[in-house]
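# A structural walkthrough
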Amino acid sequence: MTRSTRPSRGRLATARVVLAGVLALVAVVLAAVPASAHASLVSTDPAEGAVLPKAPERITLTFDEPVSLSATGARLFDAAGDEVEIEAASRDRVVTAAIGADLADGTYVLSYRVVSADSHPIAGSLSFSVGAPSETVVPPSAGTAPGDVAVRAVLGAVQGVGYAALLLAAGLLVFLAWLLPTGPGQEVARARSLRVALVACTVAVVALIARVPLSVLYQQGLGLSGLDSALPWTSWVSGDGLMALLAAAGLGAAVLGTTRRLRYVAAAGSAVAVGGLAVVGHTRSYGPVLLVVPADVAHVAAAAVWLGGLVGLAISLPTLAKRDRVAAETIGRFSLLAGGLLAVVAAAGLVLGWRIIGSWSGLVGTAYGLVLLFKTGIVGVVALVAAWNRWVLVPRVVEASGYGPRLEAARMLRGAVRTEAGLLVVVLLLTGFLVNLVPRPAPSLAAAERTTVTAVADDVKVVAHVGPGRVGRNTVHVQVQDLAGEPVEPYATPTVALERDDVDLGTRPLRNVDSGTYVSEVVVPQPGTWEVRVSVRTSEFDNPVLTLDLDVEPGG
Ligand code: HEM
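Parameters at a glance
Residues numbered from 1 in each chain as written. Predicted model: local features only at pLDDT ≥ 70, side-chain atom pairs only at ≥ 80, totals over all residues. Heavy atoms only, no water. Near = heavy atom within 4 Å. Polar contact = N/O pair within 3.5 Å; in protein donor to acceptor, adjacent residues only side chain to side chain. Helix = DSSP H or I, 4+ residues; strand = E, 2+ residues; numbered from the N terminus. Pairing = 2+ DSSP bridges. Axes fitted to C-alpha atoms, helices over the stretch in contact; angles between N-to-C directions. UniProt positions renumbered as here; feature names shortened; annotations may be inferred.

The next point concerns the site of the ligand. Taken together, 25 residues sit near the ligand, with His282, Asp296, His299, Tyr368 and Lys375 positioned nearest. Contacts to the ligand include His299, whose side-chain N or O atom sits 2.8 Å from a nitrogen atom. Lys375 places a polar side-chain atom, nitrogen or oxygen, 2.8 Å from a nitrogen atom of the ligand. Put simply, the parts of the chain that give the shell around the ligand at least two residues each are α6 (289-320), α7 (324-357), α9 (367-399) and α10 (403-434). Element by element, the count of residues in the shell around the ligand is highest for α7, at six residues.

One open sheet accounts for four strands, arranged β1-β3-β7-β6; its pairing is antiparallel. Every other strand in the sheet has two partners, leaving β1 (41-45) and β6 (86-91) as the edge strands with one partner each. Here the average twist between neighbouring strands, direction ignored, is 15°. Summarising the sheet, strand β3 (residues 58-63) and strand β7 (residues 94-99) pair through five bridges and their orientation is antiparallel. Looking across to β7, one finds that Arg58 is bridged to Ala98.

Attention now moves to the UniProt feature "transmembrane region" (unreviewed entry) in the protein. Sites flagged by UniProt as "transmembrane region" (unreviewed entry) map to residues 161-181, 193-213, 233-255, 262-280, 300-321, 333-357, 363-388 and 421-438. With 100% helix and 0% strand, the stretch residues 333-357 has end C-alpha atoms that lie 36 Å from each other.

Structure below.
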């Protein structure tokens, strides 16, 4: 017989109130951290590729979000690749580099690295010339690298191990509190599960603490040797620091709540621990925040209960198999739950992927999209193993009569459950690297500097840019979007026409380069104001024509 301690109504009510309070606290903490997008460079002075008659005294870069200059900051190089002394500083959205010396004629390259408010680094370069462009330009050897390779590798591994340990610890503690029977004969399984959970708690907290200085190195573009300096050790008041704190506090509470009586505390503690993951990362960068943050919390919470349940089952199956009714109940309950958990993990994962990547082309055209596809593929294999367990192995254990056949069936189920859990750990290690990849290529500065017009017809929006607005080759870039800003295919290929006074360059079709995205190169022969007409047939009856004046300057 299973003996369980039934909590009184009063205690239950108190526990539920505690749970609600803790969850509300998490929601407040999460909502209090403002969502912030990846910053993009919107303009520079001098402009990219500009040829200036005299040397500038300063260079300014303006972003669309506040940024801070990283330790490797901004560096200016001449055409020979020699460094020129500058003094760079960032304030709100603007980075300014004051140039000490008077620059000689020739081409210069400014390389910069800033950290945007969502804690991701952005590196790039700007080139301009004084007097006339140099015939050859040596690319600068430093400053624009996406970050130290060793730091990225170590950070990815630490994040992956942290995810696996955190989700295992939280899920196993929930399994102990809610699913594993408390009766006689289960002491060994309970003690073993608790030991594994405690080891996982320790690894998770250590990995999340280690993440703090490593994230600083990554953001600042420093190598592992940067650990010798004070900078990485002074950033505990940060999103990563808060995440480690929530994990330690939540797991601590969950460990205390592994009895049936305090099982709500275990659930609330585990929710706080894994919910803290939503404090930093891409889920803070892409909105709407009320959709993405709850999806992230649901994703990791369901994944934790799933992983913890599988490991708990693998640990306790041999002892469970000794007791027919208890074994059938426990395995049946978890198996039912696992189907729902898989559905929540997959649905929330798809929402995250959709919001973070933002287009079908990004799914196959970026490293982020490809790694996510690979991750989804492994989850597909896990789902097949889970289905095999659910419909073939679990019925065998439940229906087996007698200790021997039940133990045999339980042994097979244990093997399959271990495979499932092992594959989930691989998924988590992969996720550690996924979260550091850039999901959307930053829009190029040239695109930001082009002249832009927007037209809205029924439920379709057309955005057209033309630039750079100099005599010679110019690019017309058109994107057809729905009202939410997602690219859509128009009814027919758009066309572009250019005209000025009595010069008509004719009408030409644009070239489809991506979903709903079209470009065309046009050679503008004379300076002055040109009328550019972009015609987009969005339905059988709608054909909005966008007209914009393009001021064309002399010079190539
Ligand atoms: C259909 C399957 C899945 C899809 C489409 C999916 C998709 C995603 C996406 C798009 C993210 C956001 C990554 C970022 O911040 O850049 C994410 C995060 C994450 N996923 Fe999944 N996932 C899936 C299954 C799983 C499974 C099975 C697990 C665990 C066993 C898991 C664990 C995680 C974790 C721990 C994070 C990090 C959350 C954070 O740091 O906020 N995912 N997933």
